[in-house]
2 protein chains.
Amino acid sequence: MNKFMKAAIKEAEKGIFNHEGGPFGAVVVKDGKIVAKGHNEVLKAGDPTCHGEIMAIRKATKKLKTINLSGCELYTTGEPCPMCLGAILWAHIDKVYYGCNVKDTEEIGFKDLDFYKRIENKEEFVNELNREECLNLYKKYMDIENKKSY
Amino acid sequence: MNKFMKAAIKEAEKGIFNHEGGPFGAVVVKDGKIVAKGHNEVLKAGDPTCHGEIMAIRKATKKLKTINLSGCELYTTGEPCPMCLGAILWAHIDKVYYGCNVKDTEEIGFKDLDFYKRIENKEEFVNELNREECLNLYKKYMDIENKKSY
């Protein structure tokens, strides 16, 4: 087994046995070395954003003192959900390796496919409101940023 | 203007003027009252996951002492990115209202469409690895959970 995936599985187990959240672990790797590990701490933290990948990314940005993790790879025991995939991209991580896919975990008993269905039909619960007023906010910000460049 | 969107804009401005991150603000509302506010703190926190919506959700779960925000609405100045939309769904938020859409902010100068293109082509950088070993992890977890039910 790949040694980084082995470390991700070990990290996932840590969370299970301490009842911190689901069995999901991840590690961030740079230049062949693990820079940060994370596991699902949703229950422990009482915070639904504390997935394993997010925890590992947060720790890696702190350790490397940068929000740009380009040059890094992420190993995770399960296919990243859209939240985690988004975080992976905002952090500029180059490559992701995952163990099980969403269908695998669904078959085992995790009920995540409902989650994916809601995302596919997001127009059912996501609506536009006060577009003009928000456009003004963004234009004002860009004016400030552009003035800084002079 | 909707009073909750007005509060989200005010929250976004707080972040801009303190140079904490981009001009993005959000509020979580329950029973007609604001329970939490958040704005982009990516630069301040040195953490790429600190978008306005995520900050507001984290604060709301702490305040309401639950990871389940059903019955809540979220008002945000910009269309939620996939990371934030994922967080919104994991938190079971019922409804989302956003000001500008992604094309609006792209036209103003935010370069987020590249981000969306990478997500659409995720097979270019996301790969499966050690599926069987990770399946064993999840099965082991389900065995523990199932034993608890007896």
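Residues numbered from 1 in each chain as written. Chains lettered and ligands numbered in written order. Predicted model: local features only at pLDDT ≥ 70, side-chain atom pairs only at ≥ 80, totals over all residues. Heavy atoms only, no water.

### Details of the overall build of chain A
Let me state the cut-off plainly: Counting from the N terminus, the helices are DSSP H or I runs at least four residues long and the strands are E runs at least two residues long. Using a 1.4 Å probe on the protein chains alone, a residue whose accessible area is under 20% of its type maximum counts as buried, one over 50% counts as exposed, and one in between counts as partly exposed. For the accessible areas, the method is Shrake-Rupley and the probe is 1.4 Å, while residue cover comes only from the protein chains on display. Positive residues here are Lys and Arg, negative ones are Asp and Glu, while His and the chain termini are left out of the count. All charge positions are set by atom: Lys at NZ, Arg at CZ, Asp at CG, Glu at CD.
For chain A, the helix and strand inventory stands at seven helices and five strands. Reading the helices (α) and strands (β) of chain A from amino to carboxyl end gives α-β-β-α-α-β-α-β-α-α-β-α. Over its C-alpha atoms, taken along the principal directions, chain A stretches across nearly 50 × 40 × 25 Å. Buried residues in chain A amount to 56% of all 150 residues. Split by element, the accessible area of chain A, about 7200 Å² in all, is 50% carbon and sulfur. Here chain A carries 24 positive and 23 negative side-chain charges, and the mean point of each set is 9 Å from the other.

### Re the nonpolar core
The tendency in soluble globular proteins is for nonpolar side chains to be buried side by side. Applicable threshold: As used in this record, nonpolar core signifies buried Ala, Val, Leu, Ile, Met, Phe, Trp, Tyr and Cys residues forming a set joined through side-chain atoms within 4.5 Å.
If you look at the biggest cluster of nonpolar residues, it comprises 57 residues, and the most contacted ones within it are Ile57, Leu74, Met83 and Ile93 of chain A together with Ile57 and Leu74 of chain B. The leading source of residues in this core is helix H4 (residues 82-90) of chain B, at seven residues.

### Focus: the packing of helix H4 (residues 82-90) of chain A against H4 of chain B
Basically, it comes down to this: In this description, a line fitted to the C-alpha atoms serves as the axis of each element, helices being fitted only across the stretch in contact, and the angle between N-to-C directions of two axes falls anywhere from 0 to 180 degrees. Oblique is the label for every angle not falling under 35 degrees (roughly parallel), over 145 degrees (roughly antiparallel), or within 65 to 115 degrees (roughly perpendicular). Crossing handedness is defined as follows: a turn of the near helix away from the far one that is anticlockwise and smaller than a right angle gives a left-handed crossing, while the clockwise case is right-handed. Contacts are assigned to residue pairs with any non-hydrogen atoms lying within 4.5 Å of each other.
At a closest axis distance of 7 Å, the pairing of H4 of chain A and H4 of chain B adopts a crossing angle of 150°. The pairing of H4 of chain A with H4 of chain B is recorded here as roughly antiparallel in orientation. Two packed elements cross with a definite hand, and for H4 of chain A against H4 of chain B that hand is left-handed. For the pair H4 of chain A and H4 of chain B, the contacting residues are Pro82, Met83, Gly86, Ala87 and Trp90 of chain A in the first and Pro82, Met83, Gly86, Ala87 and Trp90 of chain B in the second.

### Topic: the packing of aromatic side chains
Keep this limit in mind: Classification of ring pairs uses Phe, Tyr and Trp, with its six-membered ring standing for Trp, and accepts pairs whose centres are within 6.5 Å; under 30 degrees between planes counts as stacked, over 60 as edge-to-face, and the remaining range as tilted.
By the definition in use, this model includes 16 aromatic pairs over all chains. A ring pair is formed by tyrosine 141 of chain A and phenylalanine 110 of chain B, whose centres lie 5.8 Å apart and whose planes are at 15°; its orientation type is stacked. Highlighted residues: tyrosine 141 of chain A in helix H7 (residues 131-148) and phenylalanine 110 of chain B in the loop between helix H5 (102-108) and helix H6 (113-120), drawn from two different chains. Taken as a pair, tyrosine 141 of chain A and phenylalanine 110 of chain B share a single burial class, namely buried. Note on phenylalanine 115 of chain B and tyrosine 116 of chain B: the rings are 5.4 Å apart at their centroids and 80° apart in plane angle, and the pair reads as edge-to-face. Taken together, the ring pairs connect Phe24 and Phe110 of chain A together with Tyr138 and Tyr141 of chain B into an aromatic cluster.

### With respect to the sheet that holds strand S1 (residues 25-30) of chain A
The cut-off we apply is this: The pairing criterion is simple: DSSP has to find at least two bridges between the two strands.
Taken in spatial order, the five strands make up an open sheet running S2(A)-S1(A)-S3(A)-S4(A)-S5(B), and their pairing is mixed. Taken across any chain shown, the strands that pair with only one partner, and hence form the sheet edges, are strand S2 (33-39) of chain A together with strand S5 (126-128) of chain B. Taken pair by pair, the neighbouring strands of this sheet meet at an average axis angle of 20°, ignoring direction. With five bridges joining them, S1 of chain A and strand S3 (residues 72-78) of chain A adopt antiparallel strand pairing. Looking at S3 of chain A, one finds that valine 28 of chain A is bridged to leucine 74 of chain A. Sheet strands in contact with helix H1 (residues 3-17) of chain A are S1, S2, S3 and strand S4 (95-100) of chain A, and its direction is about 30° off that of S2 of chain A.

### So, the relation of the copies chain B and chain A
To be explicit about the condition: Copies are brought into register by a least-squares superposition over C-alpha atoms of residues with pLDDT of at least 70 in both.
Of the transformation superimposing chain B on chain A, the axial component is 0.0 Å and the angular component is 180°, with the fit at an RMSD of 0.0 Å. Both chain copies can therefore be described as sitting about a two-fold axis. Every residue of chain B has its C-alpha some distance from the rotation axis, and the shortest such distance is that of methionine 83 of chain B, at 1.8 Å. Interface overlap between copies: 100% of the residues of chain B at the interface are likewise at the interface in chain A, consistent with a symmetric, same-surface contact.

### Quick notes on the sheet that holds strand S2 (residues 33-39) of chain B
Read from one edge of the open sheet, five strands run S5(A)-S4(B)-S3(B)-S1(B)-S2(B), paired in mixed fashion. This sheet does not close on itself; its edge strands, each paired only once, are strand S5 (126-128) of chain A together with S2 of chain B. For this sheet, the mean angle separating the axes of adjacent strands, direction not counted, is 20°. As defined by bridge partners, S5 of chain A adjoins strand S4 (residues 95-100) of chain B across three bridges and the pair is classed as parallel. Within S4 of chain B, the position partnered with glutamate 128 of chain A by the bridge is tyrosine 98 of chain B. Against the sheet, helix H3 (residues 52-64) of chain B touches strand S1 (25-30), S2 and strand S3 (72-78) of chain B, its axis set at about 135° to S2 of chain B.

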